[in-house]
Amino acid sequence: MRTIAVINLKGGVAKTITSNSIAYILANQGYRVLLLDNDKQGDASRGLNRRTQDGEGIDRIMTTRHPEDWMHKLIKKTDFENLDVLPANMRLLTANQTVMLDQTRPQQYRIKNALECVKDMYDFCIIDNAPDINISTINALTACNDVLIPVEIDDNTGEGLPELVNQIRHTREDLNEDLENYWIFITKYDRRNEAQRQGLELIQAAEYPMLKTRIRYSRKVSECTYARVPIPKYSPRSLAAKDYEDLVAEYIAKLSISGGEA
Ligand SMILES: Nc1ncnc2c1ncn2[C@@H]1O[C@H](COP(=O)(O)OP(=O)(O)O)[C@@H](O)[C@H]1O
Ligand SMILES: [Mg+2]
């Protein structure tokens, strides 16, 4: 199983739309996919119509000593073949407070240990994250092989990227030698917008590892969140859906070049 964490310290950059889209596309290609919702807002779970107000999910995984007893109970099937979800809701807030107060065992390996229990059931795990560096995101970085960083071009595009890249490097050095790659890529792109074109040049000049596929702005995307269906399913002909297909193809090609395997 290959694990991808989708992270950016900023909100609204399309982390959740990206997580649900690439999870759906990989599942539709026949890979067995687990989407792990690691944000207390539960937007990724809601996007697959599997959010509940008070059901357990990732919150239990963060606090239990025995994830092997829980993972199979907590993972939900979705309406889409090959795609399961481990949901989240506001319970994650108190769970994380409990983790922070727990001095008896390591705090960073909770997700990694839990994924170990299901690694033969899935080819990919996609982790959607909150716009933060907290114990949840550190757990995601400790559990993943690749980090995808969606970037929206606006008047403070690069904000938080140096801090995030430092965190990725430190996690690789201290906690997770399997963390192999990180890439930024552009979301919500509108090439007719002159400010966006200039912003793109600035972010390219910063020389972060970058996937060349840009996800174009599509009005259909906001509709798909209300329909609770990932955009590549809701509107396969929308620009954003086509671009997410390309993004997945580019990512898979990078893996075969670098020798990584699903
Ligand atoms: N390619 C796109 N085109 C148009 N709107 C988009 C696109 N990607 C995301 N959005 C919109 O941007 C907002 C934030 O997306 P979301 O995935 O929830 O961001 P995050 O998880 O980073 O907070 C949502 O309203 C979503 O509909
Ligand atoms: Mg989100």
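Scroll up to find the structure.
My aim in this report is to walk through the structure given alongside it, one point at a time. (Residues numbered from 1 in each chain as written. Chains lettered and ligands numbered in written order. Predicted model: local features only at pLDDT ≥ 70, side-chain atom pairs only at ≥ 80, totals over all residues. Heavy atoms only, no water.)

So, on to unusual backbone geometry. Peptide bonds are trans in most cases, and residues, glycine excluded, mostly fall at negative phi. The phi dihedral of Asn-82 falls on the positive side, at around 70°, and the residue is not glycine. Position of Asn-82 relative to the elements: it lies in the loop between strand 3 (76-77) and strand 4 (83-86). (Helix = DSSP H or I, 4+ residues; strand = E, 2+ residues; numbered from the N terminus.)

In the vicinity of ligand 1 there are 15 residues, among which Gly-12, Lys-15, Thr-16, Ile-17 and Lys-188 approach most closely. Residue Ser-218 places a main-chain N or O atom 2.9 Å away from a nitrogen atom belonging to ligand 1. Taking 560 Å² as the accessible area of ligand 1 by itself, protein coverage stands at 80%. The element that contributes the greatest number of residues to the shell around ligand 1 is helix 1 (residues 15-28), accounting for 3 residues. Here the shell around ligand 1 is composed, by residue class, of 7 nonpolar, 5 polar and 3 charged. (Near = heavy atom within 4 Å. Polar contact = N/O pair within 3.5 Å; in protein donor to acceptor, adjacent residues only side chain to side chain. Areas by Shrake-Rupley, 256 points an atom, 1.4 Å probe, with all protein chains shown as cover. Nonpolar A, V, L, I, M, F, W, Y, C, P; charged D, E, K, R; others polar.)

Quick look at the pairing of strand 7 (residues 181-187) now. Of all 7 residues in strand 7, 7 are buried, a share of seventy percent or more. Taking every second residue as pointing to the same face, both faces of strand 7 are buried, with Asn-181, Trp-183, Phe-185 and Thr-187 on one and Tyr-182, Ile-184 and Ile-186 on the other. As paired elements, strand 6 (residues 146-152) and strand 7 share 7 bridges and run parallel to each other. Residue pairing for strand 7: Asp-146 is matched across the bridge by Asn-181. Taken together, strand 6, helix 8 (residues 161-174) and strand 7 constitute a β-α-β crossover, and its handedness is right-handed. (Buried < 20%, exposed > 50% of the residue type's maximum accessible area, 1.4 Å probe, protein only. Pairing = 2+ DSSP bridges. Right-handed = clockwise from strand over helix to strand, strands pointing away.)

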